[in-house]
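An overview of the molecular structure
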Amino acid sequence: MRDAELIAAIAGFVEAHPSRGFWKCSDQLRKTHPDWNPKRIYRVYKAMKLNLRRAAKRRLPKRERVALYIPALPDAVWSVDWVHPIIPDTYRKVAPGGLRSVHVKAQDRSCR
């Protein structure tokens, strides 16, 4: 049979790498056998019934949506924003909900 060597090569590749599709298989086979063109490889690949769609990755289930926490009183919870493009030696504390923001002078952060 004319395609026996090609069938053996495709079977070996698919056995070693079952999750890879046709084009990765074709690229690898053409590295070792440049005279095998993709049309011939695909014809044999289809004849071997390997052109089935691969199972897609399963998605994680959707999480329950939880409402954001809004404190009852101001100054109860603070978050710190360390990225401040204008004044590099200060940082900004922001209360949840944007109630107010306070600029605080940063400590000496030099690395020694």
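Scroll up a little and you will see the structure.
Our subject in this report is the structure included herewith.

Definitions and cut-offs
- Residues numbered from 1 in each chain as written.
- Predicted model: local features only at pLDDT ≥ 70, side-chain atom pairs only at ≥ 80, totals over all residues.
- Heavy atoms only, no water.
- Salt bridge = Lys/Arg side-chain N within 4 Å of Asp/Glu carboxyl O.
- Helix = DSSP H or I, 4+ residues; strand = E, 2+ residues; numbered from the N terminus.
- Buried < 20%, exposed > 50% of the residue type's maximum accessible area, 1.4 Å probe, protein only.
- Phe/Tyr/Trp six-rings, centres within 6.5 Å; stacked < 30°, edge-to-face > 60°.
- Arc of directions from axis to C-beta.
- Contact = heavy atoms within 4.5 Å.

It is worth spelling out the pattern of salt bridges at this point. Using the criterion set out here, one finds two salt bridges in the structure. For R40, the salt bridge identified is with D3, shortest N-O distance 3.0 Å. Residue R40 is found in helix α3 (residues 38-47), and its partner D3 is found in the segment before α1 (4-16); the two are separated by 37 residues along the sequence. Overall, the relative accessible area of 17% leaves R40 in the buried class. Under the relative-accessibility criterion, D3 is labelled buried at 10%. Taken together, the salt bridges that share partners define one network made up of D3, R40 and R43.

Moving on to the packing of aromatic side chains. Here the structure, examined in full by the defined rule, presents three aromatic pairs. Taking the centre distance of 4.9 Å and the plane angle of 70° together, the rings of F22 and Y42 count as edge-to-face. Within this pair, whereas F22 is found in helix α2 (residues 22-32), its partner Y42 is found in helix α3, the two being separated by 20 residues in sequence. Of the residues examined, Y42 reaches a relative accessible area of 33% and is grouped as partly exposed. On the basis of an interplanar angle of 65° and a centroid distance of 5.2 Å, the ring pair of F22 and Y45 is categorised as edge-to-face. With F22 in helix α2 and Y45 in helix α3, the pair connects residues that are 23 residues apart, well separated along the chain. For the pair F22 and Y45, a shared accessibility class is recorded, and that class is buried.

Moving on to α3. Taken together, the buried positions of α3 are R40, I41, V44 and Y45. Angular distribution of buried residues about the axis of α3 spans 135°; they occupy a single face of the element. In α3, the exposed residues that point more than 90 degrees away from the buried face are K39 and A47. Where the residues of α3 are buried, they touch α1 and α2.

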